[in-house]
Amino acid sequence: MRIEEKIIVALDLETSDEAMDIVLKLEGHANFFKIGLGLLAKGGLDLAMELKEKNKSIFLDLKLFDIQNTIEKAVKNLSSLGVDFITVHGDPQVVRAAIMGRETPKTKILAVTFLTSLDRKDLDQNLIKYGKLPNLVEKRAEIAVRAGADGIIASPQEIKLLRKNVPCSKKLIVTPGVRPKNAKLYDQKRVSTPSQAILDGADHIVVGRPIYKSKNPLESYLSIASEIADVKSKN
Ligand code: C5P
């Protein structure tokens, strides 16, 4: 896989115009972009279509969760846009409906296990059964994969665990919470460097603010790309 396919740039900007501005600054280098809920009411889906027309890869991070009928229809219509990744919650009913709904297996369905913003106390409040968070993440990932998910969204702490788990080991692992050394963390707590995430087994890393908030987004992107290239050349 080429480096520009490994780095997914999260376009968490205020408007699609601002997001497009970042895409243009990275033109000729970055090729994979993530559009999330924040941009939805500001032309996010039009932006996804426009970028697809320019042959970019698109990750629609909408973390869908609903009854099967609704998920099936939502995923059918979203995958008809030609997007590459769509996220859904990892409940097996939701994953199965997403797989049923997608128009083409080229649209990969990625499952979210537990949001990384949740800790054990939050899970108690949500009536999630007792157990250590990493064990629950692993179990939930396994259930999602058995239901047909093509991959899992995993925090840097979870990559190794999932790479060792059958049946998750051979699936796509996509990892946010990535920060180059000395980069500002913002609200991410448990982070990993781009090279470490790739060494641990991530197929793709998702990086947002270290790129789009940088004074020179292209320079920041290229420095992440060269860090990954170093790892790949040594392995
Ligand atoms: O700006 P930053 O690099 O922290 O962006 C990370 C992106 O990954 C954001 O779009 C965020 O919503 C997303 N994400 C995350 N943690 C998860 C799932 C998604 O940070 N567990």
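See the structure shown above.
Enquirer: With reference to specific residues and values, describe the nonpolar core.
Expert: In summary, soluble globular proteins display a tendency toward joint burial of nonpolar side chains. Counting 57 residues, the largest nonpolar core has L11, F33, L60 and I205 as its most contacted members. For this core, the leading source of residues is helix α11 (residues 217-234), giving five residues. Not counting residues within four places of it along the chain, the set of residues in contact with F33 comprises I8, V9, L11, V23, L26, L51, K56, S57, I58 and F59. A10, F32, F59 and V206 belong to the second largest nonpolar core, which has 11 residues in total.

Enquirer: Describe the pattern of salt bridges, with residues and values.
Expert: All told, the structure shown has 16 salt bridges when counted by the stated rule. In this structure, D21 and K25 form a salt bridge, with 3.1 Å as the shortest nitrogen-oxygen distance. Separated by four residues within a single helix, D21 and K25 lie in helix α2 (residues 16-25), roughly one turn from each other. What makes K25 partly exposed here is its relative accessible area of 43%. Between K63 and D61 there is a salt bridge; the shortest N-O distance is 2.9 Å. For K63, a relative accessible area of 31% corresponds to the partly exposed category. Here D61 falls in the buried class, since its relative accessible area comes to 9%.

Enquirer: Please set out the site of the ligand residue by residue, giving values where relevant.
Expert: Residues in contact with the ligand amount to 13 residues; listed here are only the nearest, D12, K34, R179, G208 and R209. K34 is positioned with one of its side-chain polar atoms (N or O) 2.8 Å from an oxygen atom of the ligand. Between an oxygen atom of the ligand and a side-chain N or O atom of R179, the distance comes to 2.7 Å. Starting from 460 Å² of accessible surface for the ligand in isolation, the protein chains cover 83%. For the shell around the ligand, the elements supplying multiple residues, two or more each, are β8 (204-207) and α10 (209-212). For the shell around the ligand, the class distribution of residues is five nonpolar, three polar and five charged.

Enquirer: Summarise the packing of helix α4 (residues 68-79) against helix α5 (residues 92-101); cite the residues concerned and give the values.
Expert: Two elements in contact, α4 and α5, have axes whose closest approach is 7 Å; the angle formed by their N-to-C orientations is 40°. Here α5 runs oblique to α4, going by the angle between their axes. Between α4 and α5 lies a crossing of right-handed hand. Across from Q68, I71, E72, V75 and K76 in α4, the residues of α5 making contact are Q93, V94, A97, A98, M100 and G101. Per-class residue counts for the contact of α4 with α5 are six nonpolar, three polar and two charged.

Conventions adopted
- Residues numbered from 1 in each chain as written.
- Predicted model: local features only at pLDDT ≥ 70, side-chain atom pairs only at ≥ 80, totals over all residues.
- Heavy atoms only, no water.
- Core = buried A, V, L, I, M, F, W, Y, C linked by side-chain atoms within 4.5 Å.
- Buried < 20%, exposed > 50% of the residue type's maximum accessible area, 1.4 Å probe, protein only.
- Helix = DSSP H or I, 4+ residues; strand = E, 2+ residues; numbered from the N terminus.
- Contact = heavy atoms within 4.5 Å.
- Salt bridge = Lys/Arg side-chain N within 4 Å of Asp/Glu carboxyl O.
- Near = heavy atom within 4 Å.
- Polar contact = N/O pair within 3.5 Å; in protein donor to acceptor, adjacent residues only side chain to side chain.
- Areas by Shrake-Rupley, 256 points an atom, 1.4 Å probe, with all protein chains shown as cover.
- Nonpolar A, V, L, I, M, F, W, Y, C, P; charged D, E, K, R; others polar.
- Axes fitted to C-alpha atoms, helices over the stretch in contact; angles between N-to-C directions.
- Parallel < 35°, antiparallel > 145°, perpendicular 65-115°, else oblique.
- Left-handed = near helix turned anticlockwise from the far one by under 90°.

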